[in-house]
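# Geometric and topological summary
The chain contents come next:
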Amino acid sequence: MSEFIWIFLRSVISFFLLLVLTRWMGKQQLSELSFFDYIVGITIGSIAASLAIDQNITILNATIGVLVWSVLAVLLAFFSTKSYIFRRIVTGEPIVLIRDGKVLEQNLSKVRLGLEDLNALLRKNNAFKLSDVEFAAMETTGKLSVLKKSDVQPLTPKDLGIPVIKEREPRLVIIDGHVMHRTLRNMGYDIPWLIKELRSRGISDVREVFAGQLDSEGNLYLDLYADQLDVPMIEKKPLVAASLKKVQADLESFALQTQNKQAKSMYEQQARQLQKLVDELEPFLRKS
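So, a few notes on the structure that sits alongside this text. (Residues numbered from 1 in each chain as written. Predicted model: local features only at pLDDT ≥ 70, side-chain atom pairs only at ≥ 80, totals over all residues. Heavy atoms only, no water.)

Looking only at helices and strands, the chain has 11 helices and 8 strands in total. Across the 288 residues in the chain, those meeting the buried criterion constitute 27%. Within the chain, counting contacts between residues at least 6 apart in sequence, those at least 24 apart form 49% of the total. (Helix = DSSP H or I, 4+ residues; strand = E, 2+ residues; numbered from the N terminus. Buried < 20%, exposed > 50% of the residue type's maximum accessible area, 1.4 Å probe, protein only. Contact = heavy atoms within 4.5 Å.)

A few words on the sheet that holds strand 3 (residues 133–138). Overall, antiparallel pairing links the 4 strands, which are arranged 2-1-3-4 in an open sheet. The open sheet has two edge strands with one neighbour each: strand 2 (102–103) and strand 4 (144–148). (Pairing = 2+ DSSP bridges.)

This part is about the nonpolar core. Counting 15 residues, the largest nonpolar core has Leu 184, Leu 194 and Leu 214 as the members making the most contacts within it. Every element with two or more residues in this core is listed here: strand 5 (171–175), helix 9 (191–200), strand 7 (209–214) and strand 8 (220–224). When sequence neighbours within four positions are dropped, the list of residues in contact with Leu 184 reads Val 173, Val 179, Tyr 189, Asp 190, Ile 191, Trp 193, Leu 194 and Leu 214. In terms of nonpolar packing, the next biggest core, distinct from the first, is built from 13 residues, Leu 97, Leu 118, Leu 122 and Leu 144 among them. (Core = buried A, V, L, I, M, F, W, Y, C linked by side-chain atoms within 4.5 Å.)

Our next topic: the sheet that holds strand 7. The strand order across the open sheet built from 4 strands is 6-5-7-8, with neighbouring strands paired in antiparallel fashion. Across the chains shown, the open sheet's two edge strands, defined by having one partner strand only, are strand 6 (178–179) and strand 8. Judged from the 4 bridges that link them, strand 5 and strand 7 form a sheet pairing that is antiparallel. The partner of Ile 175 across the bridge, within strand 7, is Ala 211. The strands touched by helix 9 are strand 5, strand 6, strand 7 and strand 8; relative to strand 8, the strand with the most contacts, the crossing angle is about 60°. (Axes fitted to C-alpha atoms, helices over the stretch in contact; angles between N-to-C directions.)

Here the focus is the environment of Ile 57. You can see Ile 57 is positioned in the loop between helix 2 (35–53) and helix 3 (59–82). Under the relative-accessibility criterion, Ile 57 is labelled partly exposed at 26%. When the C-alpha atoms of Ile 57 and Ile 47 are compared, they prove to be 9.7 Å apart, with 10 residues separating the residues in sequence.

In a regular helix each residue adds 1.5 Å, so 24 residues correspond to 34 Å; helix 3 covers 35 Å between its end C-alpha atoms and thus fits that length. Burial in helix 3 covers these residues: Ala 62, Thr 63, Gly 65, Val 66, Ser 70, Ala 73 and Ser 80. (Expected span 1.5 Å × (residues − 1).)

Now for the pattern of salt bridges. For the structure shown, the criterion picks out 3 salt bridges. Linking Glu 197 and Arg 201 is a salt bridge whose minimum nitrogen-to-oxygen distance equals 3.6 Å. No difference in accessibility class separates Glu 197 from Arg 201, as the two residues are buried. (Salt bridge = Lys/Arg side-chain N within 4 Å of Asp/Glu carboxyl O.)

Across all of its chains, the model carries 3 aromatic pairs by this definition. The interplanar angle of 70° and the centroid separation of 5.4 Å between the aromatic rings of Phe 78 and Phe 79 together place this pair among those described as edge-to-face. What makes Phe 78 partly exposed here is its relative accessible area of 43%. Between Phe 210 and Tyr 225, the aromatic rings sit 5.7 Å apart at their centres with planes inclined by 70°, giving edge-to-face as the arrangement. Separated by 15 residues along the polypeptide, Phe 210 in strand 7 and Tyr 225 in the loop between strand 8 and helix 10 (240–257) bring together distant segments of the chain. (Phe/Tyr/Trp six-rings, centres within 6.5 Å; stacked < 30°, edge-to-face > 60°.)

Right, let's get into the environment of Gln 273. Locating Gln 273 in the fold gives a position in helix 11 (residues 261–285). Since its relative accessible area comes to 43%, Gln 273 is described here as partly exposed.

So this is what it looks like as structure tokens:
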């Protein structure tokens, strides 16, 4: 058998062997890796590559080497999940670099980071000022976790007391011109509703649609095939009630903040009127 055929066969064997082993080892080996996991991956890949091109290495020997490294990596991950002490020995523990807004210089030395390096990592976490950081720690994977101070964190609807509708996972109800009947039923809709939606966008045949995605609010996004114009998503059920409640909460906030009695009375009156309007409209704005 010629040399080229041998290299082809060995390449095929090493490729599928590595594929099976990486699938067996799990996705966690491919996510945020520690330095040790990174080295293990490189070593296994190097052995597999040697099996493909180095004819001085027998297939059996290379296979044993890959299996040994893979089994050891899996056993290491298994015992790390079972024993806290073993995990600390193998992977170490997070090191706090900033506590209560103060940079811990000694811990910076432990992780061999300079102040410029720390600033670069903070910028990756959208923290451009040291004064904005309350807490920061270097994880065992080498990633920096950052907690900003409360007064510089962005406001959320919860902070403002604004009610929001729980968001569910958007689902594809049309794929390659075919309707996903079970998905459509699970989301509470039927074929007549879908046909009506398509016709309202000027689409007479579902086969014209490359992808159709439905979100929890009943908004249908359609993407047609490349030779046709895309149809934008029409917002069928906007959060009008939530927006009105936000305005009502703002009026109440203004009433609390102002020292002018006339302005306070006006804000309180407008807030009550708006609350009454929201109560009257809410049954019509709920999802049907």
